[in-house]
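# Coordinates in review
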Amino acid sequence: MRYEDIRKSVSAYLDRTGYAAMDLKYAMFDMDGVLFDSMPYHAKTWVQVMAETGIPFSEDDAYINEGRKGVATIELAVKRMGMPEMTKDEIQAIYDEKCELFNACGEAGPMNGTLQLVKSLESHGVRMTVVTGSAQQSLLRRIESAYPSLFELDKMVTANDVVHGKPDPEPYLTGLHKMNAKQWEAVVVENAPLGAQAGRAAGVFTVVVNTGPLPDATLRDSGADLLFHDMDEFRDSLATLFEVIRNTVNENGRK
Ligand code: MG
């Protein structure tokens, strides 16, 4: 991406937040569709489990709801259809089955290019953790083997650490708190509309890599500060991003 395009994004971020400048030292990575190429399995198994329960739900619905807690996704889909409310136990049973079906899909591989991106960020001195709406143990356990010693997993945020999942800012605010980082010192790396909303609402510069089928406009409208089409494109722009950050100051910045 060109210097000028990145400069405009950083400048707009500083105007919006009132910060005087960025100083990129931390990155908070989403998991599904960012660390792992797991979204096709999630979409397929969401459609399957919802169909078995009689709840209309498409693969696009799965991508649009990505990042939301599983239980909340089911509650919303039920409400949308004007169906009678389900008990907490009924909803949990549906989600448990979804997790079982997902586990039976086999291992989702790491997302193409993410390892190189993460290593590149590390070489710039950036400290990283994971902030996910997932509670899928089968994937969470594999982060360390796919990305050895690259993420500070003692500071990871999962569905179990927050009351309000994405698009609420709580997951990313919790991540900042655990990393002891300020908003202007961090970036969020996301792939999903609700994740982008959460990153923006948390006041953090939000990079979205569109690794799925949704149109770019959906991700831009959700609050992406920068939008890439794959991890390599993001990595190729990293040196420029750091240069822009060094050179861009908000003269009216008060924070
Ligand atoms: Mg995701």
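Residues numbered from 1 in each chain as written. Predicted model: local features only at pLDDT ≥ 70, side-chain atom pairs only at ≥ 80, totals over all residues. Heavy atoms only, no water.

### A closer look at the domain arrangement of the chain
When the parts of a complex come together, some accessible area is lost, and that lost area is often taken as the interface size. This is how the line gets drawn: How far each domain reaches was decided by an automatic or database domain assignment. Contacts are assigned to residue pairs that have any heavy atoms within 4.5 Å of one another. Once two parts are brought into contact, the accessible area they lose, counted with a 1.4 Å probe and summed over both, makes up the buried area.
Here the domain parsing of the chain yields domain 1 (3-38 + 108-247) and domain 2 (39-103). Just the C-alpha atoms count here: the centres of domain 1 and domain 2 sit 25 Å apart. Contact with domain 1, which involves 24 residues of that partner, is made by 16 residues of domain 2. Here domain 1 packs against domain 2, burying approximately 1500 Å² in sum over the two surfaces, 55% of which is carbon and sulfur. When the buried surface of domain 1 facing domain 2 is broken down by residue, S38, Q136 and L194 rank first, second and third, together holding 32% of it.

### Focus on the nonpolar core
Definition in use: We define a nonpolar core as any set of buried Ala, Val, Leu, Ile, Met, Phe, Trp, Tyr and Cys residues linked to one another through side-chain atoms lying within 4.5 Å. Relative accessibility decides the category of a residue: with a 1.4 Å probe and only protein chains considered, values under 20% of the type maximum give buried, values over 50% give exposed, and everything between is partly exposed.
By size, the foremost hydrophobic cluster in this structure holds 43 residues, and its most contacted members are F29, L35, F151 and L241. Discounting residues that sit within four places of it in the chain, F29 has contacts with V34, L35, T114, L117, V118, L121, M128, T129, V130, V131, F151 and V189. Counting 18 residues, the second largest nonpolar core, distinct from the first, contains A62, I74, C99 and L101.

### Side note on helix 10 (residues 193-201)
As a reminder of what qualifies: Secondary structure counts use DSSP, requiring at least four H or I residues in a row for a helix and at least two E residues in a row for a strand, with both numbered from the N terminus.
Buried within helix 10 we find P193, L194, G195, A196, A198 and G199. Contact partners of the buried residues in helix 10: helix 3 (59-64), helix 9 (170-179), strand 3 (186-190), strand 4 (205-209) and helix 11 (216-221). Phi turns positive, to about 80°, at G203, one or two residues after helix 10.

### Concerning the packing of aromatic side chains
Rules: Centre distance within 6.5 Å is the pairing criterion for rings of Phe, Tyr and Trp, where only the six-membered ring of Trp is used; planes under 30 degrees apart are then read as stacked, over 60 as edge-to-face, and the remainder as tilted.
Evaluated as defined, the whole model comprises 9 aromatic pairs. With a centroid separation of 6.4 Å and 75° between ring planes, the pair formed by Y41 and F102 is classed as edge-to-face. Taken together, the residues Y41 in helix 2 (residues 39-53) and F102 in helix 5 (residues 88-104) connect sequence positions 61 residues apart. For F102, a relative accessible area of 3% corresponds to the buried category. With 5.1 Å between their ring centres and 15° between their planes, F228 and F234 make a pair best called stacked. Of the two residues examined, F228 and F234, each falls in the buried class. Members of the aromatic cluster, each reached through a chain of ring pairs, are F29, F36, Y147 and F151.

### Topic: the pattern of salt bridges
Should the charged atoms of two oppositely charged side chains come close, the side chains can pair. For the record, the criterion: For salt bridges, the criterion is a side-chain nitrogen of Lys or Arg within 4 Å of an Asp or Glu carboxyl oxygen.
Tallied over the entire structure, the rule returns 14 salt bridges. Among the salt bridges present, the one from E4 reaches R7, with a minimum N-O distance of 2.9 Å. Here the residue E4 and the residue R7 both occupy positions in helix 1 (residues 3-17), the gap between them amounting to 3 residues, near one helical turn. For R142, the salt bridge is made with E107, and the minimal N-O distance between the two is 3.8 Å. Of this pair, R142 sits in the loop between helix 7 (137-140) and helix 8 (143-146) while E107 sits in the loop between helix 5 and helix 6 (114-123), and the two are 35 residues apart along the sequence. A relative accessible area of 62% places E107 in the exposed class. Connected through salt bridges with shared partners, the residues R127, E152, D154 and K155 form a single ionic network.

### Here's the deal with the layout of surface pockets
Just so we agree on the cut-off: Any residue with an atom within 4 Å of a point lines the site, the site being either a cavity, points on a 1 Å grid over the protein atoms alone where a 1.4 Å probe fits but cannot get out, or a pocket, an open set with protein on both sides within 12 Å along at least 5 of 7 lines. Grid points are joined across faces, edges and corners, and a volume is the space filled by probe spheres set on the points.
In this structure, the largest pocket occupies an estimated 220 Å³ of space. If you trace the largest pocket, you find it lined by A72, E75, L76, V78, K79, M83, E85, M86, T87, K88 and I91. Contributing elements (two or more residues each) for the lining of the largest pocket: helix 4 (70-80) and helix 5. Looking at the lining of the largest pocket, the element that brings in the most residues is helix 4, giving 5 residues.

### With respect to empty space enclosed by the protein
So the rule is basically this: Residues are grouped as follows: Ala, Val, Leu, Ile, Met, Phe, Trp, Tyr, Cys and Pro are nonpolar; Asp, Glu, Lys and Arg are charged; every other residue, Gly included, is polar.
Counted by the stated rule, this structure contains 1 cavity of 30 Å³ or more. Estimated volume of the largest cavity: approximately 230 Å³. Lining the largest cavity are 21 residues, with D32, H42, W46, G67 and R68 positioned closest to its centre. Of all the elements in the fold, those that place two or more residues in the lining of the largest cavity are helix 2, helix 3, helix 4 and helix 5. A total of 3 residues in the lining of the largest cavity trace back to one element, the largest contributor, which is helix 2. Its residues assigned to classes, the lining of the largest cavity shows 5 nonpolar, 9 polar and 7 charged. When residues are assigned to domains, the lining of the largest cavity turns out to be shared by domain 1 (3-38 + 108-247) and domain 2 (39-103), each giving three or more.

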